[in-house]
2 protein chains.
Amino acid sequence: MSEKISPLAPVSLPIMPAISGVKLGTASCEIKYKNRTDVMVAELAPGTIAAGVFTKSKTASANIWWGKDAIKHGRGRGRVLVVNSGNANAFNGKCGEDSVARIVDACADLWDCSREEIFPSSTGVIGQPLPDEKITSALKNIKENLQPNSWIEAAKAIMTTDTYPKAATRTAIIGGVEVKINGIAKGSGMIAPDMATMLSYIFTDAAITHEALQEMLSGAVEDSYNSITVDSDTSTSDTLLIFATGKANNKPITSVTAEGAKDFKEKLESLMLELAHLVVKDGEGASKFISIKVTGAEDKRAAKVIGMAIANSPLVKTAIAGEDANWGRIVMAVGKSGEEANRDKMSVWVGGVNIVKDGQLNPSYIEAEVTNHMKGQNIDIEVYVGIGNGSHIVWTCDLTYDYIRINADYRS
Amino acid sequence: MSEKISPLAPVSLPIMPAISGVKLGTASCEIKYKNRTDVMVAELAPGTIAAGVFTKSKTASANIWWGKDAIKHGRGRGRVLVVNSGNANAFNGKCGEDSVARIVDACADLWDCSREEIFPSSTGVIGQPLPDEKITSALKNIKENLQPNSWIEAAKAIMTTDTYPKAATRTAIIGGVEVKINGIAKGSGMIAPDMATMLSYIFTDAAITHEALQEMLSGAVEDSYNSITVDSDTSTSDTLLIFATGKANNKPITSVTAEGAKDFKEKLESLMLELAHLVVKDGEGASKFISIKVTGAEDKRAAKVIGMAIANSPLVKTAIAGEDANWGRIVMAVGKSGEEANRDKMSVWVGGVNIVKDGQLNPSYIEAEVTNHMKGQNIDIEVYVGIGNGSHIVWTCDLTYDYIRINADYRS
């Protein structure tokens, strides 16, 4: 399937530094695709700390169950990450667990480490047995050819119908020591005939305990990955993993509030937000990147529910695709969210222009003022709901003909 | 805006009998549309019992607040229903309440009844003052020309971008006495630049108390109107009203479980389901009518949540538009619903063919067996989730290019 590159793709790929303690390798195993890489391995130095956040889907893949258990019952360590595209190893019954076990065993043998230090991820079609022998038979060669700098190649190997590789980097200072954070992600492209996944892997040379790393990761997820939506559908395989090699030799961070943690935490959050935005911008058929800020809600939770009701409304998303500042649909979506809103105090801004004021059309609103904004690629919506002090921002993309084409017509 | 008639429209309109105690009238008031009727009045005999169910939207229109109050604080009586299309009288601040008050006052004067017996409804664009004088000045003439048989004309006057009028009729027997039930509805068409509403009005000559009527109506809503979805968006104006004139002179029904209530209740439920299905079949851009049955859920509530997760999934809806039996997306939607499901016991049927069995692809599944079903207009999906005995059915339509065209491109 050849897709044109998203019009929202960044103009250039970032230059990613090496991270001490991390080596990368890729291979073409023909799991489903031909003539491209489809397996990525990250080798992590012994002692690397791991933390993760996984899909809440009730039909999660075998890999998800393995990852959750490994983080929980292992000691939060990571030695090898193995990711394949082309097959999600999901909803294929006992097959899925067997494939995970074989990949984990092969890695544990080859790297001579405990099984709980191995993290296998799969993305692609579901309901098919994973031809895991294609992966395990390639591992030895991959291991012999690992490189510290092949970040973009790694990001490419995990793509499914993503139209561009997603990577970001940050530098943070911990107690005067510079540490690096690199992240790669794949987005919500779809693969005929099945489903998408959001996968994201972050690597740092910072020294940090598992508990502090897990808390930082879980905390930052809420305002980044958990605040984006393309089409409201949740994958069976969503995975976010972070690995900290400790090779920067900073004074180890032992808690989120520890001295020296602040800059690292901020840079981690900033990197996660950048990756999350890159995923939205490669949403299927996306032509606009939409930021929705909700203020005046009962609390932050309520603000997020309202924001997501707007972001997931097909009527709002199609209006934006049509470059129509259809504030009526925004108001409708607030109403259906189920959260408290004071109709007579509500205000709506689009592109900074105050369209609705105190529950009715602003008398001084001139539609032409919003028209140019609607023609741009970045659409900013703000809604004040007049109840309390809760606020939150969510991000989404528009709903276009191309979304339907990609998801309905790919067999024709 | 001229729309082609939905391919799912019924082949003929029903022949609607008169209902003793109900007279209908329509007028062309040019509230927004030209060259069509846009106001409908139903005059109800003195003593007519009223019951209603209204949108839960937090940004509901002034008409909704009036209707809720009138049912609650009046004595559940109805004398006049006045419905206009072209303007929803929603989100226009104090204007909306003033318009409602003027319409109610004019009707109460003209029909010499209490204000709580007047039910004004509005559907169409939001955020604009309703030119209510166009309605009130037409009332006298409408009243002088009321007819007992103009049901289809009434259904046409309340249409917005509906592509066909929606009406249904039933006959029930209460203690040996024949009673009639007629219903009309309008669906989820959209009006540039604003929003849609689901409006439905049911009339019967049965004698029944307000309490029994309200309980029957509220009970039947759950399995009909509240089990359909076009695009998950909730209107500010959704209204369902029922009026019982008592002119059939049956022994009055005093409770849902009273002797003689059973047939009436069944026929009412059947009529409401027919109207609800007519609304889905006129969903914007709909080319397929989709039934989704969920069994084996924790309880009925959980089954409905799972059914709605499938019905509202853009990925499921686009797959069906593409005539693709994409069971992976159905499984994904079950997973994201948040309700319990046993992955290893799940089964999925499409068109009666068992695709997924015990959590994996049925080894004897042959895709060609489902292909013909997918090409038809009626798509049947059943999912067993392996937890308990809860079951529920929901209905929706597919998501097509035409949905995007109608909602994004109408300004171009």
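Every value quoted in this text rests on a predicted model; they were computed, and no experiment measured them. (Residues numbered from 1 in each chain as written. Chains lettered and ligands numbered in written order. Predicted model: local features only at pLDDT ≥ 70, side-chain atom pairs only at ≥ 80, totals over all residues.)

With respect to the overall build of chain A
Part 1: The helix and strand tally for chain A stands at twelve helices and 16 strands.
Part 2: The C-alpha radius of gyration computed for chain A amounts to 22 Å, which stays within 12% of the reference 22 Å derived for 412 residues, consistent with globular compactness.
Part 3: Projected onto its principal axes, the C-alpha coordinates of chain A cover approximately 70 × 60 × 35 Å.
Part 4: Considering chain A as a whole, with its 412 residues, one finds that 60% of them fall into the buried category. (Helix = DSSP H or I, 4+ residues; strand = E, 2+ residues; numbered from the N terminus. Rg over C-alpha atoms; globule rule 2.2 N^0.38 Å. Buried ≥ 20, exposed ≤ 12 C-beta atoms within 10 Å, placed from the backbone.)

Overview of the packing of helix α12 (residues 401-408) of chain A against helix α9 (residues 314-321) of chain B
Part 1: Orientation of α12(A) relative to α9(B), taken along the N-to-C sense of each, is 70 degrees, at an axis distance of 8 Å. Relative to α9(B), the element α12(A) lies roughly perpendicular. In the crossing of α12(A) with α9(B), the sense of the turn from one axis to the other is right-handed. Contacts from A:I404, A:N407 and A:A408 of α12(A) reach α9(B) at B:L315, B:T318, B:A319 and B:A321. (Axes fitted to C-alpha atoms, helices over the stretch in contact; angles between N-to-C directions. Parallel < 35°, antiparallel > 145°, perpendicular 65-115°, else oblique. Left-handed = near helix turned anticlockwise from the far one by under 90°. Contact = placed C-beta atoms within 7 Å.)

Some remarks on the domain arrangement of chain A
Residue and element names in this part refer to chain A.
Part 1: By domain assignment, chain A separates into domain 1 (22-281) and domain 2 (289-408).
Part 2: One C-alpha centre belongs to domain 1, the other to domain 2; they are set 33 Å apart.
Part 3: Listed as interface residues are nine residues of domain 1 and, on the opposing side, twelve residues of domain 2.
Part 4: Mapped onto the side of domain 1 that touches domain 2, the elements with two or more residues apiece are β9 (228-229) and α7 (261-281).
Part 5: Among the elements that make up the side of domain 1 that touches domain 2, the one with the highest residue count is α7 (three residues).
Part 6: Looking at side-chain class alone, the side of domain 1 that touches domain 2 contains four nonpolar, four polar and one charged residues. (Domains from an automatic or database assignment. Nonpolar A, V, L, I, M, F, W, Y, C, P; charged D, E, K, R; others polar.)

Side note on the pairing of strand β5 (residues 118-125) of chain A
Residue and element names in this part refer to chain A.
Part 1: Burial within β5 is extensive, with eight of its eight residues counted as buried.
Part 2: Here eight bridges tie strand β4 (residues 80-87) to β5, and the two strands are oriented parallel to one another. Looking across to β5, one finds that S85 is bridged to T123.
Part 3: Regarding the hand of the β-α-β motif, the stretch spanning β4, helix α2 (residues 94-111) and β5 is right-handed. (Pairing = 2+ DSSP bridges. Right-handed = clockwise from strand over helix to strand, strands pointing away.)

Focus on the pairing of strand β2 (residues 39-44) of chain A
Residue and element names in this part refer to chain A.
Part 1: Across the six residues that make up β2, a large majority, six, are buried.
Part 2: Going residue by residue along β2, you find V39, V41 and E43 tucked away on one face and M40, A42 and L44 tucked away on the opposite face as well.
Part 3: Here strand β1 (residues 22-27) pairs with β2 via six bridges, running antiparallel. Looking at the pairing, A27 lines up with V39 of β2.
Part 4: Two elements, β2 and β4, share five bridges in a ladder whose sense is antiparallel. Among the inter-strand pairings, M40 is bridged to a residue of β4, identified as V83.

Topic: unusual backbone geometry
Residue and element names in this part refer to chain B.
Part 1: Unusually for a residue other than glycine, N89 sits at a positive phi of about 50 degrees.
Part 2: Tracing the chain through its elements places N89 in the loop between β4 (80-87) and α2 (94-111).
Part 3: A count of 31 C-beta atoms within 10 Å places N89 in the buried class.
Part 4: Residues other than glycine seldom take positive phi values, yet E323 does so here, at roughly 55 degrees.
Part 5: When you line up the elements, E323 lands in the loop between α9 and α10 (327-336).

A short note on the sheet that holds strand β15 (residues 378-384) of chain A
All names here are of chain A.
Part 1: The seven strands lie next to each other as β9-β16-β11-β15-β12-β13-β14, forming an open sheet whose pairing is mixed. Both edges of this open sheet fall to β9 and β14 (360-361), since each of them pairs with a single strand only.
Part 2: Where strand β12 (residues 347-350) lies against β15, four bridges are found, and the strand directions are antiparallel. Its bridge partner lying in β15, S347 is registered against Y384.
Part 3: This element, helix α11 (residues 368-375), spans β12, β13 (353-357) and β15 of the sheet and lies at about 120 degrees to β13.

Regarding the sheet that holds strand β9 (residues 228-229) of chain B
Sheet strands line up and pair through hydrogen bonds in the backbone, either parallel or antiparallel.
Residue and element names in this part refer to chain B.
Part 1: The strand order across the open sheet formed by seven strands is β9-β16-β11-β15-β12-β13-β14, and the pairing between neighbours is mixed. At either margin of the open sheet sits one strand with a lone partner, and together these are β9 and β14 (360-361).
Part 2: Sheet topology note: the strand β11 (residues 289-297)/strand β16 (residues 390-397) ladder contains seven bridges and is antiparallel. Bridge pairing links I290 to T396 in β16.
Part 3: Packing of α10 onto the sheet brings it into contact with β12 (347-350), β13 (353-357) and β15 (378-384), and relative to β12 it is tilted by some 130 degrees.

Describing the confidence of the model for chain A
Residues and elements named next belong to chain A.
Part 1: Mean pLDDT over chain A works out to 90, with 94% of the residues at or above the 70 mark.
Part 2: For the stretch residues 190-196, pLDDT sits under 50, and the model shows 32 contacts to residues farther than four places along the chain or on other chains.
Part 3: For this predicted complex, the interface confidence comes out at an ipTM of 0.74, alongside a pTM of 0.83. (pLDDT = per-residue confidence, 0-100.)

With respect to helix α12 (residues 401-408) of chain B
Part 1: Burial in α12(B) covers these residues: B:Y403, B:I404, B:I406, B:N407 and B:A408.
Part 2: Where α12(B) is buried, its residues touch α9 (314-321) and α12 of chain A.

Let's talk about the environment of B:S57
Residue and element names in this part refer to chain B.
Part 1: Positionally, S57 belongs in the loop between β3 (49-54) and α1 (62-73).
Part 2: According to the C-beta neighbour criterion, S57 is buried, with 24 such atoms within 10 Å.
Part 3: Here the alpha-carbon distance between S57 and A276, two residues 219 residues apart in the chain, equals 19 Å.

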